[in-house]
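Understanding the architecture of this molecule
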Amino acid sequence: QVQLVESGGGLVQAGGSLRLSCAASGSFFRINTVGWYRQAPGKQRELVAHITSGGSTNYADSVKGRFTISRDNTKNTGYLQMNSLKPEDTAVYYCNAELRMITGGGSLPYWGQGTQVTVSS
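The structure reproduced in this document is the subject of the present report. Predicted model only: the values in this text are computed from it and were never measured. (Residues numbered from 1 in each chain as written. Predicted model: local features only at pLDDT ≥ 70, side-chain atom pairs only at ≥ 80, totals over all residues. Heavy atoms only, no water.)

Our next topic: the state of the cysteines. Under the counting rule described, the total for this entry stands at one disulfide. Here C22 connects covalently by a disulfide to C95, the sulfurs 2.0 Å from one another. For the disulfide bridge between C22 and C95, the dihedral angle about the S-S bond is near -75°, and by the sign convention the bridge is left-handed. Of this pair, C22 sits in strand 3 (residues 18-25) while C95 sits in strand 9 (residues 91-100); the two residues are 73 residues apart in sequence, bridging distant segments of the chain. Of the two residues examined, C22 and C95, each falls in the buried class. (Disulfide = S-S within 2.5 Å. Helix = DSSP H or I, 4+ residues; strand = E, 2+ residues; numbered from the N terminus. Buried < 20%, exposed > 50% of the residue type's maximum accessible area, 1.4 Å probe, protein only.)

What follows is about unusual backbone geometry. Unusually for a residue other than glycine, N76 sits at a positive phi of about 50°. Among the structural elements, N76 can be located in the loop between strand 7 (67-72) and strand 8 (77-82). Using a relative accessible area of 27% as the deciding quantity, one classes N76 as partly exposed. Backbone geometry places S84, a non-glycine residue, at a positive phi of 50°. With respect to the helices and strands, the residue S84 is situated in the loop between strand 8 and strand 9.

Here N96 is to be found in strand 9. Judged by relative accessible area, which is 13%, N96 ranks as buried. A polar contact of 3.4 Å, which involves the side chain of N96, links it to the backbone oxygen of Y110. Once residues lying within four places of it in the same chain are set aside, the contact partners of N96 are L4, T33, V34, G35, Y37, P109, Y110 and W111. (Polar contact = N/O pair within 3.5 Å; in protein donor to acceptor, adjacent residues only side chain to side chain. Contact = heavy atoms within 4.5 Å.)

The strand order 1-3-8-7 describes an open sheet built from four strands, whose pairing is antiparallel. Here the strands that pair on one side only, and so sit at the sheet edges, are strand 1 (3-7) and strand 7. Taken pair by pair, the neighbouring strands of this sheet meet at an average axis angle of 15°, ignoring direction. Note: strand 1 against strand 3, five bridges, orientation antiparallel. Counterpart to E6 in the pairing with strand 3 is C22. (Pairing = 2+ DSSP bridges. Axes fitted to C-alpha atoms, helices over the stretch in contact; angles between N-to-C directions.)

Take the environment of D72 next. Among the secondary structure elements, D72 is positioned in strand 7. Residue classification places D72 among the partly exposed positions, given a relative accessible area of 21%. Between the C-alpha atoms of D72 and S53, which are 19 residues apart in sequence, the distance is 11 Å. Setting aside residues up to four positions removed in sequence, D72 forms contacts with T77 and Y79.

What follows is the structure, given as structure tokens:
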């Protein structure tokens, strides 16, 4: 059973920082890509940041220069460092990872359970 477990959310004042983690466990060959999404109340889920297996990254315009996505392949973990947080960053943050499976040679997407980030003004 493959699982993505997120941690690191919480309540922080505007201008503060949080670091989210997304740990993959179970039976798979490797992590291909990792993405962080967020969904605020009444809004659609949006892509925040994405990192490929080769380390290439891309960010939503709203977080460029403030958020940094990274990964540690030895720990099967992805991270999202969030600095200079703003109240508009308040949302549930979800981790998404494409995992290369051991059998069959294919890849499958998995989602974490979500972690709440609340930024107070």
